[in-house]
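A structural walkthrough
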Amino acid sequence: MSDRASAVRKKFPRFRILVIGRANAGKTTLLQRVCKTTESPIVRDRDGNEVTYFRGEHDIEHEISFKSNTRFVFHDSRGFEAGSEDELQKVQAFIEERAKDKELINRLHAIWFQYCIPMHDHSRPITVAEEVFFSKFGTENVPVIAIFTKFDALHKVAFGELRQQGKWIQEALAMAPKHAEWIFWNNDYYGMLQGKEFPPRDFVCMGGMDKEQADCTALISCTAESLNDETLEMLLVSAQHVNLQICVDFAVRRKVE
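Residues numbered from 1 in each chain as written. Predicted model: local features only at pLDDT ≥ 70, side-chain atom pairs only at ≥ 80, totals over all residues. Heavy atoms only, no water.

Structurally, Met 209 is set in the loop between strand E7 (202-205) and helix H8 (217-226). In the structure, Met 209 is positioned 60 residues away from Thr 149 in sequence and 8.1 Å away in space, judged by C-alpha atoms. Other than its neighbours up to four places away in sequence, Met 209 contacts Thr 29, Leu 30, Arg 33, Ala 214, Asp 215 and Cys 216. (Helix = DSSP H or I, 4+ residues; strand = E, 2+ residues; numbered from the N terminus. Contact = heavy atoms within 4.5 Å.)

Now for the sheet that holds E7. If you walk across this open sheet you meet the 7 strands as E2-E3-E4-E1-E5-E6-E7, and the pairing is mixed. The outermost strands of the open sheet, each flanked by one partner alone, are strand E2 (42-44) and E7. The average undirected angle you get between the axes of adjacent strands in this sheet is 30°. Relative to strand E4 (residues 69-76), strand E3 (residues 63-66) is paired through 2 bridges, and the arrangement is antiparallel. Bridge pairing in E4 links Ile 64 to Phe 74. Across the sheet, helix H3 (residues 85-100) is in contact with strand E1 (15-21), E4 and strand E5 (110-116); its angle to E1 comes to roughly 165°. (Pairing = 2+ DSSP bridges. Axes fitted to C-alpha atoms, helices over the stretch in contact; angles between N-to-C directions.)

This next bit is on the confidence of the model for the protein chain. This prediction gives the protein chain a mean pLDDT of 82; 80% of its residues lie at or above 70. Within the protein chain, E3 carries the highest mean pLDDT (94), whereas helix H10 (residues 244-256) carries the lowest (51). (pLDDT = per-residue confidence, 0-100.)

With 16 residues, H3 extends 23 Å between its outermost C-alpha atoms, agreeing within 8% with the 22 Å of an ideal straight helix rising 1.5 Å per residue. In this structure, the buried side of H3 is in contact with E1, E4, E5 and helix H4 (128-136). (Expected span 1.5 Å × (residues − 1).)

On to the pattern of salt bridges. Overall, the coordinates contain 10 salt bridges when judged by the stated rule. Here Asp 101 ties to Arg 46 by a salt bridge, and the two come within 3.2 Å at their closest N and O atoms. Here the residue Asp 101 occupies a position in the loop between H3 and E5, and Arg 46 occupies one in the loop between E2 and E3, the gap between them amounting to 55 residues. The buried category is assigned to Asp 101, whose relative accessible area is 12%. Two residues, Glu 131 and Lys 196, come together in a salt bridge whose shortest N-O distance is 2.9 Å. (Salt bridge = Lys/Arg side-chain N within 4 Å of Asp/Glu carboxyl O. Buried < 20%, exposed > 50% of the residue type's maximum accessible area, 1.4 Å probe, protein only.)

Bringing the packing of aromatic side chains into the picture now. Inspection of every chain in the model, using the stated rule, returns 17 aromatic pairs. Both rings, one in Phe 15 and one in Phe 72, keep their centres 6.4 Å apart while their planes meet at 85°; by these two values the pair is edge-to-face. Here Phe 15, found in strand E1, pairs with Phe 72, found in strand E4; they are 57 residues apart in sequence, far enough to count as distant. We note that Phe 15, like Phe 72, is buried. Ring centres of Phe 133 and Phe 134 lie 5.0 Å apart, and the angle between their planes is 85°; on these two criteria the pair is classed as edge-to-face. (Phe/Tyr/Trp six-rings, centres within 6.5 Å; stacked < 30°, edge-to-face > 60°.)

Our focus in this paragraph is the packing of helix H5 (residues 151-164) against helix H6 (residues 169-186). Remark: H5 packs on H6, axes separated minimally by 7 Å, with the N-to-C direction vectors making an angle of 120°. Judged by the angle between their axes, H5 and H6 are oblique. Relative to H6, H5 is oriented so that their crossing is right-handed. Of the residues in H6, those touching H5 at Phe 151, Leu 154, His 155, Val 157, Ala 158, Phe 159, Glu 161, Leu 162 and Arg 163 are Ile 169, Ala 172, Leu 173, Met 175, Ala 176, Pro 177, His 179, Ala 180, Glu 181, Ile 183 and Phe 184. Looking at the contact of H5 with H6 residue by residue, the class counts come to 15 nonpolar, 2 polar and 3 charged. (Parallel < 35°, antiparallel > 145°, perpendicular 65-115°, else oblique. Left-handed = near helix turned anticlockwise from the far one by under 90°. Nonpolar A, V, L, I, M, F, W, Y, C, P; charged D, E, K, R; others polar.)

To continue, consider H8. For H8, the tally of buried residues reaches 7 of 10 residues, placing the bulk of the element in the interior. The complete set of buried residues in H8 reads Thr 217, Leu 219, Ile 220, Cys 222, Thr 223, Ala 224 and Ser 226. Backbone geometry just downstream of H8 places Asn 228 in the positive-phi region, at approximately 55°.

Structure follows, in structure tokens:
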């Protein structure tokens, strides 16, 4: 490890991410894939005391981590999808406080906004909570990455549409990935968010999260490129120590710059 990387780790021991998403959106599974583990998360309160973990029941202040990779610490926005004013205010207060925290170890570095692509109604509008977040919430320069999950399921929708159009099975299978992309852009999923006052800084489409070997390289790379801060980017790259290619890409990019 370089002297600079060691200094970064000492100054910023962990990379902190707030994960926002609807109930049963697979947030825990996503975090497991990012950390390359199948173990259950450890949840601690702000004082470091371990608390009992129940899926779907979190205090946004609770820290979520995994034994296999303590370099990441996550927070879950429990109840956000309900859109209640109380829960929305809690999320906004958390972001404002953590973005400016004088203790660097407590600072929030990124926000992952997980959005499940609707399979049955492509034109379904975003929820009230999502509308409020991107229309009224400022995130104090903390980058927001929109994560569109279940993209592999959209391939199945694309395949079905192609078959209805008269395509042969093998032809439909070959065309499904491109047609899925067309469905995504034609229904303006990302555009719905980009048109808001506080849009996400970038987005990534992900699928296959039910598989243990699911690749989260695109998410980590997208987050790193959105930080606009070399120190934080180095922290993120070092935190995800399982993907050598991201480390190489970071080193090459910084050398060129």
